[in-house]
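# Coordinates in review
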Amino acid sequence: MLLAVPHPASAQGKLDAQYEATLAGIPVGRGAWTIEIGDDQFSASAGGGTSGLLKAISDGSGTGASQGRVVGGALVATNYSASTITSKKSEAIHIILSNGNVKEFGIEPQPPVDADRVPVTEAHRRGVSDPMTASLVRVPGNADPLGSDACHGSVAVFDGRMRYDLKLDFKRMETVKSERGYRGPVVVCALYFSPVAGYIPDRPVIKYLAAQRNIEIALAPVAGTRILVPFWLKVPTPLGLAMLEATQFITQPIPPRVAKTQ
């Protein structure tokens, strides 16, 4: 919760970022992410696709977006959408939420029923966040948000198919330098993935991610807010280190709205 902010501008900011994905140091994808946080509303959208060696093997692209309200400093999502397109298939997901509860969701085309998949119940769709809003980490209080408090707690996520928990633990502070934009401190957290429902237990990737204890995420600030977002993400894999890192991270506060007077 945002506390005792003297000016509305201290709760408003925007981000224009670009990222590169690599596997064992080889570029495999690029993407862009824009975020705008106002005093009562927020929006975030991202898009990207394969590049380099991976593009030659399997061409694919995807988009995602979330919108919602800012309530007492908290980001409360109301809508989430995502789409993926590859040479073999396309898929679109939408979720409508109200106060953290899923009111409506769907996947097009509708995926086939798999008897091995852990069922998602109505209870699993309460008290959740969508994947994009879950990546916007709000640090309560009025101390510097760039600190160990950013890595406390966990978030329940529903992505339209699967319900899982993400937990953060503080590891260290580092300094980063993007090619364009932000240069400064980031807080590095350990990231733990725990599947709850909507997944197939025997899938190797699920087993691997759930057992993984060396995933790290570095969080950088959105200027003018108490929101931190990923600057880089590192996931060890059998093929080498998978990494998503910002090459551009341009962020600035949004000037407060001035009431019109006659």
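So, here's what we can say about the structure. No experiment lies behind these values; they were computed from the predicted model shown.

### As for the overall build of the chain
Helices and strands together make up the secondary structure of the chain, namely three helices and 15 strands. In summary, the chain has a C-alpha radius of gyration of 19 Å against a globular reference of 18 Å for 262 residues, a match within 12%. Oriented by its inertia axes, the alpha-carbon framework of the chain measures out at about 60 × 40 × 35 Å. Residue burial in the chain is summarised as follows: out of 262 residues, 40% are buried. In the chain, 57% of the contacts between residues at least 6 apart in sequence involve partners at least 24 apart. Accessible surface, the chain as shown: approximately 14,000 Å² in total, 56% of it carbon and sulfur. Taking the average place of the 26 positive charges on the side chains of the chain and the average place of its 23 negative ones, the gap between the two points comes to 1 Å.

### Looking at the pattern of salt bridges
One pass over the structure, following the stated rule, counts eight salt bridges. Ionic pairing is found between R126 and E122, a salt bridge with its closest N-O pair at 3.4 Å. When its relative accessible area of 54% is taken as the criterion, E122 is described as exposed.

### Here we look at unusual backbone geometry
Note the cis peptide between E108 and P109, where omega equals -5 degrees. When you line up the elements, P109 lands in the loop between β7 (101-108) and α2 (131-134). The residue A24 is not glycine, and still its phi comes out positive at about 55 degrees. By the element assignment, A24 lies in the loop between β1 (13-23) and β2 (26-37). Owing to a relative accessible area of 47%, A24 belongs among the partly exposed residues under this scheme. Positive phi outside glycine occurs at N99, with the angle close to 55 degrees. Locating N99 in the fold gives a position in the loop between β6 (90-98) and β7.

### Thoughts on the nonpolar core
Residues V229 and F249 are the most contacted members of the largest nonpolar core, which totals 51 residues. For this core, the element with the highest residue contribution is strand β14 (residues 227-237), accounting for six residues. Apart from the residues within four sequence positions on either side, V229 is in contact with L15, W33, I35, S135, L136, A218, L219, A220, V222 and F249. Within the second largest apolar cluster, seven residues are counted, among which are A134, M162, Y164 and I206.

### As for the layout of surface pockets
Of the voids in this model, the second largest pocket is the one considered here, and its volume is about 550 Å³. For the second largest pocket, the lining is made up of 18 residues, of which P111, P112, V113, R117 and R161 are closest to its centre. Here the lining of the second largest pocket takes four residues from β7, the largest share from any one element. Split by residue class, the lining of the second largest pocket holds nine nonpolar, four polar and five charged.

### What about the side chain of E216?
Note that E216 resides in strand β13 (residues 216-221). Given the relative accessible area of 11%, E216 is considered buried. At 2.8 Å, the side chain of E216 and the side chain of K171 are in polar contact. Separated by 2.8 Å, the side chains of E216 and R172 make a polar contact. Sequence-distant contacts of E216, that is, excluding residues within four places in its chain, are made with K171, R172, V188, C189, W232, L233 and K234.

Scoring rules and cut-offs
- Residues numbered from 1 in each chain as written.
- Predicted model: local features only at pLDDT ≥ 70, side-chain atom pairs only at ≥ 80, totals over all residues.
- Heavy atoms only, no water.
- Helix = DSSP H or I, 4+ residues; strand = E, 2+ residues; numbered from the N terminus.
- Rg over C-alpha atoms; globule rule 2.2 N^0.38 Å.
- Buried < 20%, exposed > 50% of the residue type's maximum accessible area, 1.4 Å probe, protein only.
- Contact = heavy atoms within 4.5 Å.
- Areas by Shrake-Rupley, 256 points an atom, 1.4 Å probe, with all protein chains shown as cover.
- Lys, Arg positive; Asp, Glu negative; His and termini not counted.
- Charge placed at Lys NZ, Arg CZ, Asp CG, Glu CD.
- Salt bridge = Lys/Arg side-chain N within 4 Å of Asp/Glu carboxyl O.
- Core = buried A, V, L, I, M, F, W, Y, C linked by side-chain atoms within 4.5 Å.
- 1 Å grid on protein atoms, 1.4 Å probe; cavity = no way out; pocket = protein on both sides within 12 Å on 5 of 7 lines; lining within 4 Å.
- Points joined across faces, edges and corners; volume = space filled by probe spheres on them.
- Nonpolar A, V, L, I, M, F, W, Y, C, P; charged D, E, K, R; others polar.
- Polar contact = N/O pair within 3.5 Å; in protein donor to acceptor, adjacent residues only side chain to side chain.

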